[in-house]
Amino acid sequence: MTETTKRSANVSATAWVAGVGLASMALLLAVIGLWFPRAGSAGSAPEVTVKEVSVTLTEFAVTPAQIDAELGQKLTITVKNDGKMEHDLKVGGTEGTKMLAPGASETISVGPFEASTEAWCTVPGHKESGMTMKINVATAAGAGTATAAAPAELASTGATIDPKAEPAADWTPYDPTLAPAPGGTVHDVEMHAIEKEVEVAPGVTQMMWTFDGKVPGTILRGKVGDLFNVTLINDGKIEHSIDFHASKVAWNDEMRSIKPGESLVYQFKADFAGAFMYHCGTAPALHHIGNGMYGAIIIDPPELAPVDHEYVIVQSELYLGANGKEGDLTKMLGENHDAVVFNGYYNQYKFKPIRVEPNERVRVWVIDDGPSENSAFHIVGTIFDTSWKEGTYLLRPDARQGGSQVLDLQPAQGGFVEFSFAEAGLYPIVTHKFANVGKGALGLFQAGEVEMPAGGGGH
Ligand SMILES: [Cu+2]
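The following refers to the structure shown.

What counts, and where the lines are drawn
- Note that residues are indexed from 1 along each chain, following the sequence as it is written.
- Residue-level local features of this predicted model are given only where pLDDT is at least 70; pairs of side-chain atoms are given and counted only at 80 or more, and the full residue set underlies all totals for whole chains, interfaces and linings.
- As a rule here, side-chain values come from all non-hydrogen atoms in the structure, and water together with hydrogens is ignored.
- One requirement defines pairing of two strands: DSSP has to find at least two bridges between them.
- Numbering of helices and strands runs from the N terminus, with a helix taken as a DSSP run of H or I at least four residues long and a strand as a DSSP run of E at least two residues long.
- To obtain each axis, a line is fitted to C-alpha atoms, and for helices this fit is confined to the stretch in contact; angles are then taken between N-to-C directions over 0 to 180 degrees.
- We call an atom a donor if it is N, O or S and sits within 2.8 Å of the metal, or 3.2 Å for Na, K and Ca. Water is not counted, so some sites may look partial.
- Any site counts as irregular unless it has four donors with all angles between 85 and 135 degrees, making it tetrahedral, or four or six donors with opposite ones more than 155 degrees apart and the rest between 65 and 115, making it square planar or octahedral.
- Each residue is placed in one exposure class: buried if its accessible area under a 1.4 Å probe, protein chains only, is under 20% of its type's maximum, exposed if it is over 50%, and partly exposed if it falls in between.
- The salt bridge criterion pairs a side-chain nitrogen of Lys or Arg with a carboxyl oxygen of Asp or Glu, the two atoms within 4 Å.
- We define a nonpolar core as any set of buried Ala, Val, Leu, Ile, Met, Phe, Trp, Tyr and Cys residues linked to one another through side-chain atoms lying within 4.5 Å.
- Two residues form a contact once any of their heavy atoms are found within 4.5 Å.
- Only Phe, Tyr and Trp rings are paired, with Trp represented by its six-membered ring, and only when their centres lie within 6.5 Å; those with planes under 30 degrees apart are stacked, over 60 edge-to-face, the remainder tilted.

The next subject is the sheet that holds strand S25 (residues 407-409). One open sheet holds the 5 strands; their spatial order is S20-S28-S27-S22-S25, and the pairing between them is mixed. Of all strands in the sheet, those with a lone pairing partner are strand S20 (354-356) and S25, marking the two edges. Between one strand and the next, the sheet's axes are offset by a mean angle of 20°, whatever the strand orientation. The pairing of strand S27 (residues 425-431) with strand S28 (residues 442-447) spans 6 bridges and is classified as antiparallel. Across the sheet, residue tyrosine 427 finds its bridge partner in S28, namely phenylalanine 445.

Structure, rendered in structure tokens:
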């Protein structure tokens with residue numbers, strides 16, 4: 001820490017000295033320029049020249065990050081993919097190489113350039129992760145360096161959620177009911193990575209990356225000691241992978257990324273009980289998780305007490321891109337979420353309350369799939385008499401009469417709570433990080449027959 005601080009202090013000092021030096025130099029050049037106008041600047045036709053440049057692509061950088069060109073100059077760029085994933089390089093996102101496999105290269109001719117511009121990799125998320133290259137074009141004034149391009153994308157282009165909007169009549173919520181673990185000790189499961197337009201709030205859709213076409217992905221369940229044989233098939237257009245937190249396997253083998261059309265087998269024995277997250281880990285993993293590639297696998301602890309109802313609620317955030325487009329990685333990097341949701345949809349169980357009867361015993365499994373926000377899971381109007389988190393009971397009914405108000409989870413943590421409702425009525429489901437309740441983290445349990453208030457529930 002001290003070393004880093006010291007080094008950055010030195011860097012700052014160096015930059016300051018260099019800055020002063022450059023400023024003096026610029027002043028000197030400006031003065032010289034006034035007295036000695038550039039030779040040949042009067043009347044001679046501009047000559048188209050070609051400059052050759054070599055550029056390499058890696059995760060996630062374009063090297064060099066900047067190249068200089070004269071006004072009206074063409075560039076012949078030899079682009080080599082030195083990375084482990086597919087990449088391309090396109091000027092302005094349109095003109096450039098085809099998609100290059102790892103190790104492949106292509107030489108492109110671009111320009112002539114009249115102004116400074118940028119080139120980047122067009123694989124979703126790669127530009128935001130750093131795969132851009134500035135092309136600095138000397139201006140007519142002959143200053144030699146272009147001024148930094150103004151950030152044109154300061155204003156968000158993301159979709160906005162209307163908090164008063166309601167889902168369409170044919171909308172069906174994500175079923176929160178959790179079925180018991182299937183019989184047998186071997187689970188052969190096929191899962192598909194699918195890129196699909198999904199509604200995330202009334203009237204708002206995103207091009208989500210999903211497991212099995214839904215967000216959260218299929219909820220898996222088993223018992224300690226069960227064997228899971230999961231075949232992941234990539235039905236998408238970009239690379240994907242899967243990482244089960246319920247397993248102990250090598251990251252570079254089972255969790256490897258597969259290309260569109262490929263499949264892999266991910267086999268593991270579930271030796272530990274837990275409410276585990278699973279997710280796509282393909283780089284940038286923040287983008288793949290933040291854009292929908294997450295789910296849960298529940299491995300029951302031994303001797304789980306019987307209850308009347310079991311539900312699963314996965315909390316996550318939305319970082320909205322334009323309507324119908326992918327989520328915004330820049331917002332994800334800034335932890336600047338537009339919504340916090342239960343099972344993938346804004347205020348989902350406010351629109352469609354979860355129906356139980358008073359005094360029935362209810363267990364809710366809660367998993368915080370983030371990618372970045374915590375959860376303070378709370379149900380207004382009840383107290384949890386049982387709380388289990390990250391593999392162990394925190395609370396069980398006994399003579400001490402302990403009560404729990406919140407199951408607190410950091411991203412990728414999970415557990416369950418048990419409770420009952422003492423009387424008929426409505427019981428809001430929230431995260432008690434209350435800023436997020438107004439951003440979509442609101443649902444309702446309905447115990448018994450209830451007159452629905454105007455504007456809440458009603459479906
Ligand atoms: Cu993915």
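This is not the end of the story, as more comes after the structure.
Surrounding the copper ion are the protein donor atoms His240 (ND1), Cys280 (SG), His288 (ND1) and Met293 (SD), which sit 2.0 to 2.4 Å from the metal. Bound by 4 donor atoms, the copper ion shows angles of 83 to 133° at the metal and therefore irregular coordination geometry. Mapping the donors of the copper ion onto the primary sequence yields the spacing H-x39-C-x7-H-x4-M. For the pair histidine 288 and methionine 293, a shared accessibility class is recorded, and that class is buried.

Looking at the secondary structure, you find glutamate 52 in strand S1 (residues 50-58). The exposure class assigned to glutamate 52 is exposed, which follows from its relative accessible area of 69%. C-alpha separation for the pair glutamate 52 and isoleucine 77, spaced 25 residues apart in sequence, amounts to 5.9 Å.

Inspection of the sheet shows strand S5 (residues 90-91) paired to strand S8 (residues 117-120) by 2 bridges, in the antiparallel sense. Directly across from valine 91, in S8, lies its bridge partner alanine 119. The pairing of S8 with strand S9 (residues 132-137) spans 4 bridges and is classified as antiparallel. Bridged to tryptophan 120 within S9 is threonine 132.

All right, on to the pattern of salt bridges then. Inspection of the entire model under this criterion finds 18 salt bridges. The partner of glutamate 418 in a salt bridge is arginine 361, and the shortest N-O contact between them spans 2.9 Å. Here the residue glutamate 418 occupies a position in strand S26 (residues 414-419), and arginine 361 occupies one in the loop between S20 and strand S21 (362-370), the gap between them amounting to 57 residues. Judged by relative accessible area, arginine 361 falls into the partly exposed class, the value being 22%.

What follows concerns the nonpolar core. Ile161, Val204, Val312, Leu318, Leu320, Trp365 and Ile367 are the most contacted members of the largest nonpolar core, which has 26 residues in total. Only strand S10 (186-201), strand S11 (204-211), strand S16 (274-279), strand S17 (294-300), strand S18 (309-318), strand S19 (339-342) and S21 provide two or more residues apiece to this core. If sequence neighbours within four positions are ignored, valine 204 has contacts with Ala159, Thr160, Ile161, Val198, Glu199, Leu320 and Asn323. By size, the runner-up hydrophobic cluster in this structure holds 25 residues, among which are Leu220, Met255, Tyr278 and Ile297.

One open sheet accounts for 5 strands, arranged S3-S9-S8-S5-S6; its pairing is mixed. Both edges of this open sheet fall to strand S3 (66-69) and strand S6 (95-96), since each of them pairs with a single strand only.

Moving on, we get to the packing of aromatic side chains. With the rule as written, the count across this model stands at 22 aromatic pairs. Seen from their ring centres, phenylalanine 244 and tyrosine 266 are 5.0 Å apart, and the 80° between their planes marks the pair as edge-to-face. Of this pair, phenylalanine 244 sits in strand S14 (residues 243-244) while tyrosine 266 sits in strand S15 (residues 263-269), placing them 22 residues apart in sequence. Classification of tyrosine 266 as buried rests on a relative accessible area of 0%. Between tyrosine 311 and phenylalanine 445, the aromatic rings sit 5.8 Å apart at their centres with planes inclined by 65°, giving edge-to-face as the arrangement. Linking tyrosine 311 in strand S18 with phenylalanine 445 in strand S28, this pair joins segments that are 134 residues apart in sequence. The two residues tyrosine 311 and phenylalanine 445 agree in class, both being buried. Through a chain of ring-to-ring contacts, the aromatic side chains of Tyr311, Phe342, Phe377, Phe384, Phe419, Phe421, Tyr427 and Phe445 assemble into a single cluster.

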